[in-house]
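Fold and contact review
Residues per chain are reported as follows:
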Amino acid sequence: MERTPERDVCCLALTFFYHYLDASGIPRAELQRGLPYSPRYLDDRLNWIDYQTFLEIERRMAALLSHDQRCFFNIGRSVGETTGFGFIRVVTKATISPVQLYNRISGLTNRFLFPFISIEFQRSGRRRLTGRYLFDEHHPPSDAFFETVHGLLEGLPRVVGARHATVQMRRNSPFEATYDVTLHGRWLGLGDALSQSAKWVMDLAQMRWKNLGEAAVELEQTNLLLQEKVQDLTDAKANLHRRVRTLSLLDELSRVATSERDLGQLQSRAIEIISEGLEGVPVAILMAEDDPPGLPLAAHSGLQRDYRAELTQLTDPSNPNTVRLCSERRPCRVDGVPHFLLIPMVSRERCIGVLALGHQAEYDLELLEPMASRLGVSIDNSVSYQVIADLRD
């Protein structure tokens, strides 16, 4: 049986190692063999492992990459050149400057990757920041961890298209390190842009323009630039709020999925969490039954009768939409069910049901697909648990 993990390190953090191994042509199996968790468990980025296992994975990385003396620094620094990091993609779509990136990632790292680390970033100059990483006494850090952070902080600006940062690291104690970050990008955030634009306008004011019309054109261009940057910042803030809300939803759903064994209670709690997390949208769960499977309605968040009638069509296993959902296993909107986004729930490479989300202008499938998959595995486990319990009785 697979051990019950402590919530020390999220498997999402292992993505950094996996991508570096893939780029080096080294199979992941060399890293995962003989650990207290199965490779499938470790590949699920929503799972958690204990800290000692994470340290063992670090030691194995050092052995597998013994030819690279600075492998952990290079793993961190490569983040700006690698598009496959899902966690970094979430941050990227919600930031428009290196300064924002450092400020956002500190809180998200603590909440979703390493809860035992306290991270603080402060501006120490126009192009300088100081970051402080502090571990609690129960999780002593390794030199490899601090080296990885060093490389990560140098590579982060590449995520938003800026040049690598220059970073100096100081070990203040066995549990604490300070990183002095110097940025080299042209766009360092709205406040910096306003300051530079004001300086530019003052410089223009001291020039001897040939005519007043030229000055008016220059000022109008400056005004348009500032308006664009303010709109970018507003959009980025809304985008970040939506994505952090969805990540919080995933975290809460993961806790319920690992603690609730009763199928009915699991479905009810999942629907309640998803509906509240997505601002009250209608939610339903359809379970695959028989062979070929139909998709009868199993639980919902108080749907109106016309909404229930739409979903009832999928009960028929010969319905083309039902066949499509069960075979293709991809999120879609289908004819006859216009008010729902349908996301198949997959476990053990088969569709066990569908998560139906009421109409909303914009969904983030990058986060909702893992949520549906995790819920599918939990429901499948609950069904198996009930079968075993019935056999015992």
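Before going into details, it helps to say that this report is about the structure given with it. Fair warning: this is a prediction, and the values are worked out from it, not measured in the lab.

Section: the overall build of the chain
When helices and strands are counted, the chain shows 14 helices and 11 strands. Expressed as a percentage of its 393 residues, the buried residues of the chain come to 47%. Here the analysis covers contacts within the chain between residues at least 6 apart in sequence; of these, 61% occur between residues at least 24 apart. Accessible surface for the chain amounts to roughly 19,900 Å². Of this, 51% is attributable to carbon and sulfur atoms.

Observations concerning the packing of helix α11 (residues 263–277) against helix α14 (residues 365–392)
Axes are the key here: two packed helices are described by the angle between their axes and the distance separating the axes. Interhelical geometry of α11 versus α14 gives an angle of 165° and a closest axis separation of 9 Å. Relative to α14, the element α11 is oriented roughly antiparallel. The chirality of how α11 crosses α14 is right-handed. Between α11, through L263, L266, Q267, A270 and I274, and α14, the contact on the second element is made entirely by M371, L375, S378, I379, S382 and V383. For the contact of α11 with α14, the per-class residue count stands at eight nonpolar, three polar and no charged.

Topic: helix α12 (residues 305–312)
For α12, the complete set of buried residues consists of Y307, E310 and L311. The arc that holds every buried residue of α12, seen down its axis, measures 90°, which confines them to one face. On the buried face of α12, the contacting elements are β7 (283–287), β8 (297–300), β10 (337–347) and β11 (350–358).

Description of the pattern of salt bridges
For the structure on display, the rule yields 13 salt bridges. A salt bridge links E147 to R70, with the nearest nitrogen and oxygen atoms 3.6 Å apart. Here the residue E147 occupies a position in helix α8 (residues 143–155), and R70 occupies one in the loop between α4 (51–64) and α5 (71–77), the gap between them amounting to 77 residues. A salt bridge links E154 to R77; its shortest N-O distance comes to 2.9 Å. Of this pair, E154 sits in helix α8 while R77 sits in helix α5, placing them 77 residues apart in sequence. The buried category is assigned to E154, whose relative accessible area is 12%. The exposure class assigned to R77 is partly exposed, which follows from its relative accessible area of 29%. Among the ionic contacts, a cluster of salt bridges with common partners joins D22, R28 and D43.

Some words on a nonpolar patch on the surface
The grouping of V383, V387 and L391 at the surface amounts to a nonpolar patch, some 270 Å² of accessible area in total. Here V387 shows up in helix α14. Assessed through its relative accessible area of 45%, V387 is described here as partly exposed.

Notes on unusual backbone geometry
Located in the positive-phi region is R348, a residue other than glycine, with phi close to 55°. Structurally, R348 is set in the loop between β10 and β11. On the accessibility criterion, R348 (48% relative accessible area) is partly exposed. Positive phi values are uncommon outside glycine, yet E349 reaches one of about 60°.

Some words on the packing of aromatic side chains
Tallied over the entire structure, the rule returns 16 aromatic pairs. Relative to F121, the ring of Y102 lies with its centre 5.5 Å away and its plane at 50°, an arrangement referred to as tilted. In this pair, Y102 is assigned in helix α7 (residues 98–112) and F121 in strand β3 (residues 117–125), connecting sequence segments 19 residues apart. Side by side, Y102 and F121 carry an identical accessibility label, which is buried. Judged by centre distance (6.5 Å) and plane angle (90°), the rings of F121 and Y133 are edge-to-face. Highlighted residues: F121 in strand β3 and Y133 in strand β4 (residues 128–135), separated in sequence by 12 residues. Across this residue pair, the class does not change: F121 and Y133 are buried.

Remarks on the sheet that holds strand β6 (residues 176–182)
Read across the sheet, four strands follow the order β3-β4-β6-β5 without closing on themselves; strand pairing throughout is antiparallel. On the outer flanks of this sheet lie β3 and β5 (166–173), each paired with one strand and no other. Here the average twist between neighbouring strands, direction ignored, is 20°. Note: β4 against β6, seven bridges, orientation antiparallel. Directly across from R128, in β6, lies its bridge partner T182. Contacts from α7 reach β3, β4 and β6, with the element oriented near 165° to β3. Those strands touched by α8 are β3, β4, β5 and β6, and its axis lies near 150° from that of β5.

Remarks on the environment of R242
Within the secondary structure, R242 is located in helix α10 (residues 212–259). Owing to a relative accessible area of 23%, R242 belongs among the partly exposed residues under this scheme. Along the backbone, R242 and L278 are 36 residues apart, and their C-alpha atoms lie at a distance of 9.1 Å.

Regarding the side chain of E176
The topology assignment puts E176 in strand β6. Within polar-contact distance, the side chain of E176 engages the side chain of R132 at 2.7 Å.

Rules and cut-offs
Residues numbered from 1 in each chain as written. Predicted model: local features only at pLDDT ≥ 70, side-chain atom pairs only at ≥ 80, totals over all residues. Heavy atoms only, no water. Helix = DSSP H or I, 4+ residues; strand = E, 2+ residues; numbered from the N terminus. Buried < 20%, exposed > 50% of the residue type's maximum accessible area, 1.4 Å probe, protein only. Contact = heavy atoms within 4.5 Å. Areas by Shrake-Rupley, 256 points an atom, 1.4 Å probe, with all protein chains shown as cover. Axes fitted to C-alpha atoms, helices over the stretch in contact; angles between N-to-C directions. Parallel < 35°, antiparallel > 145°, perpendicular 65-115°, else oblique. Left-handed = near helix turned anticlockwise from the far one by under 90°. Nonpolar A, V, L, I, M, F, W, Y, C, P; charged D, E, K, R; others polar. Arc of directions from axis to C-beta. Salt bridge = Lys/Arg side-chain N within 4 Å of Asp/Glu carboxyl O. Patch = residues over 30% accessible without salt bridge, like charges linked within 9 Å, V, L, I, M, F, W, Y side chains within 5 Å. Phe/Tyr/Trp six-rings, centres within 6.5 Å; stacked < 30°, edge-to-face > 60°. Pairing = 2+ DSSP bridges. Polar contact = N/O pair within 3.5 Å; in protein donor to acceptor, adjacent residues only side chain to side chain.

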